[in-house]
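# Topology and contacts: notes
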Amino acid sequence: MITTQAKLITDTWITITWENYLQLCDDPNYEKAKFYYYNEQGRIEMTPIGNDHSRDHGIICHAIYLYAGLRNIPLNGNDNCSYRKAERKEAQPDLSFYIGDNVNVIPYGTSIVDLNIYTPPNLVIEVSNTSLADDKGEKRLLYEDLGVQEYWIIDVKNVNIIAFQMEEKGSRRITKSQVLPDLEMSILVETLQKSRETNHSEVSRWLLQKWQIN
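What counts, and at which threshold
- Residues numbered from 1 in each chain as written.
- Predicted model: local features only at pLDDT ≥ 70, side-chain atom pairs only at ≥ 80, totals over all residues.
- Heavy atoms only, no water.
- Buried < 20%, exposed > 50% of the residue type's maximum accessible area, 1.4 Å probe, protein only.
- Helix = DSSP H or I, 4+ residues; strand = E, 2+ residues; numbered from the N terminus.
- Core = buried A, V, L, I, M, F, W, Y, C linked by side-chain atoms within 4.5 Å.
- Disulfide = S-S within 2.5 Å.

## Quick word on helix 4 (residues 138–146)
For helix 4, the set of buried residues is Lys 139, Leu 142, Tyr 143, Glu 144 and Leu 146. Looking one or two residues beyond helix 4, the residue adopting positive phi is Gly 147, at roughly 90°.

## Description of unusual backbone geometry
Although it is not a glycine, Glu 40 sits at a positive phi angle of roughly 65°. Looking at the element boundaries, Glu 40 is found in the loop between strand 2 (33–38) and strand 3 (41–46).

## So, the nonpolar core
With 34 residues, the main nonpolar core has Trp 152 and Leu 180 as its most contacted residues. For this core, the elements supplying multiple residues, two or more each, are helix 2 (51–70), strand 7 (95–99), strand 9 (123–128), strand 10 (150–155), strand 11 (160–167), helix 5 (185–197) and helix 6 (200–211). At eight residues, helix 2 tops the list of elements feeding residues into this core. Grouped together as the second largest cluster of nonpolar side chains are 19 residues, Tyr 83, Ala 91, Val 148 and Tyr 151 included.

## Some remarks on the state of the cysteines
Across all of its chains, the model carries zero disulfides by this definition. Cysteine Cys 61 shares no disulfide, and the gap to the nearest cysteine sulfur, in Cys 81, comes to 13 Å. Looking at Cys 61, the relative accessible area reads 14%, which means it is buried. For the unlinked cysteine Cys 81, the closest cysteine sulfur is that of Cys 25, found at 13 Å. According to the relative accessible area criterion, Cys 81 is buried, its value standing at 13%.

Here you go:
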């Protein structure tokens, strides 16, 4: 039995039973935390509150919506949504998107998305300021097992994007999105760079010019 009085280790993987992990998920002391579970290990991440993480989160989300709208790509996005499998796996990515034929697969009124009932999101994104090694490692393996099609890591400190296409028994690096056709990672990296130099309205105007349909 996990008690709230016990000092819990956050932002790292700890050995914990699935039952105790579920108790922590319901603990009001961790209402604003993010939870992950994989290979009999749990991870509690306290929600980032810094400017850098928040701004990169916002501009990348905006860029994806803008691109999908201009290209007429059906898309629904989730912010910090929880995805759970009964086989003792769970993830709460920063951003996740259902795209194309999957766009309306999750009905309103759904709390935790049960991946034994619903399909996983096509695209998952982690905005990484202090957790880059884990995002490239254990979380990538978790998203492979959950059946996500594409996984991006926003490297806040190095102003970069590391993108993976998930395959049957692993994942491989990509420079162009497959779930958002013809979207180059280099454009999104440039978006991040420009957001360091000017405001988001100016960046949005630049993206519109870059992606305008003739």
